[in-house]
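# Examining the three-dimensional arrangement
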Amino acid sequence: MTIDVRPATVFEDVRTLVGPKSPDADVCWCLSYRVPSKVNNELRGPARGAYVAELCRTGPPPGVIAYDGDEPVGWAAVAPRSATSFARSRRIPHVDDLPVWSLWCIRVRPGHRKRGISHALIAGAVGFARAQGAPAVEAYPLDNGGARVDLTMAYPGLRANFERAGFVHAADTTSVLAGHPRVLMRRDLR
């Protein structure tokens, strides 16, 4: 199996990975951290998908997609931190004033897990951010200490996976998800 990670410019593939089964559903579409809270609360049903479609069309793409051949099998959301709600977060600290990029969601489709796709997504997101001129990439994964994590709540990734990808612990946070603290991990690209 060869996994190819590319910028998320094909809306149908993004929909396959993060869209709802019903077009009227108010699921995340990976917008919860991308847009201000007010906008996130106003976008309902099909408007959420339309917003993501526009991101795919106008760029920069809203993340990266892992493909196994032509099949989209994984998603990672990555963007400049300044364009996300992490820019104003009181729970996720700022380490310094570098214009870092944030990597906050990793999703691998059922039936494709345990094949290294999340590792390819992290590497692909870092490569995409580097190509866009990012000086560093931050992630805010769960520090689960090896404990099991409900897959629904594992979207920020796990600390160990980011460590394997060359990220280092940069700061603790006051954010907790699924009973696990989140840590700020960073990979310098300079």
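Below: a short report on this structure.

Right, let's get into the environment of Val183. The residue Val183 is located in strand 7 (residues 180-188) in this model. Expressed as a C-alpha distance, the spacing of Val183 and Asp172, which sit eleven residues apart in the sequence, is 4.8 Å. Excluding its chain neighbours within four sequence positions, the residues that come into contact with Val183 are Ala139, Tyr140, Pro141, Asp143, Arg159, His169, Ala171, Asp172 and Thr173.

Right, let's talk about the layout of surface pockets for a bit. Of the volumes computed, that of the largest pocket is approximately 1100 Å³. Breaking the lining of the largest pocket down by element, the ones donating at least two residues are strand 4 (101-108) and helix 4 (117-131). Ranked by residue count, the leading element in the lining of the largest pocket is strand 4, at five residues. For the lining of the largest pocket, the residue count by class is 19 nonpolar, nine polar and six charged.

For helix 1 (residues 11-18), the full list of buried residues reads Phe11, Asp13, Val14, Leu17 and Val18. All buried residues of helix 1 project into a common sector of 160° when viewed along the axis, lining one side.

Inspection of every chain in the model, using the stated rule, returns one cavity of 30 Å³ or more. Approximately 40 Å³ is the volume attributed to the largest cavity. Taken together, Val14, Val18, Trp29, Cys30, Leu31, Arg34, Val52, Leu55, Pro62 and Trp75 form the lining of the largest cavity. Counting residues per element, the ones that place at least two in the lining of the largest cavity are helix 1 and helix 3 (46-58). Among the residues making up the lining of the largest cavity, the classes are represented as nine nonpolar, no polar and one charged.

Enumeration according to the criterion identifies eleven salt bridges in this entry. Put simply, Asp4 and Arg6 hold a salt bridge, and the shortest N to O gap is 2.6 Å. The residue Arg159 makes a salt bridge to Asp143 at a minimum N-O spacing of 3.0 Å. Taken together, the residues span a long stretch of sequence, with Arg159 in helix 5 (residues 159-164) and Asp143 in the loop between strand 5 (136-139) and helix 5 at a distance of 16 residues. Residue classification places Asp143 among the partly exposed residues on the basis of a relative accessible area of 26%. One salt-bridge network, held together by shared partners, links Arg81, Asp96, Glu138 and Arg186.

In terms of burial, strand 2 (residues 63-68) is largely enclosed, as five of its six residues are buried. In this sheet, strand 3 (residues 71-80) lies alongside strand 2 in antiparallel orientation, the contact comprising six bridges. Each bridged residue has a counterpart across the sheet, and for Ala66 the counterpart in strand 3 is Gly74. Between strand 2 and the antiparallel strand that follows it, strand 3, lie two residues; Gly69 among them carries a positive phi value of about 70°.

Applying the stated rule across the entire model yields six aromatic pairs. Ring geometry for Phe11 and Trp29: centres 5.6 Å apart, planes at 10°, overall stacked. Taken as a pair, Phe11 in helix 1 and Trp29 in the loop between helix 1 and helix 2 (37-42) lie far apart in primary sequence, 18 residues in all. Judged by its relative accessible area of 19%, Phe11 is buried. Owing to a relative accessible area of 5%, Trp29 belongs among the buried residues under this scheme.

Basis of the calculations
Residues numbered from 1 in each chain as written. Predicted model: local features only at pLDDT ≥ 70, side-chain atom pairs only at ≥ 80, totals over all residues. Heavy atoms only, no water. Helix = DSSP H or I, 4+ residues; strand = E, 2+ residues; numbered from the N terminus. Contact = heavy atoms within 4.5 Å. 1 Å grid on protein atoms, 1.4 Å probe; cavity = no way out; pocket = protein on both sides within 12 Å on 5 of 7 lines; lining within 4 Å. Points joined across faces, edges and corners; volume = space filled by probe spheres on them. Nonpolar A, V, L, I, M, F, W, Y, C, P; charged D, E, K, R; others polar. Buried < 20%, exposed > 50% of the residue type's maximum accessible area, 1.4 Å probe, protein only. Arc of directions from axis to C-beta. Salt bridge = Lys/Arg side-chain N within 4 Å of Asp/Glu carboxyl O. Pairing = 2+ DSSP bridges. Phe/Tyr/Trp six-rings, centres within 6.5 Å; stacked < 30°, edge-to-face > 60°.

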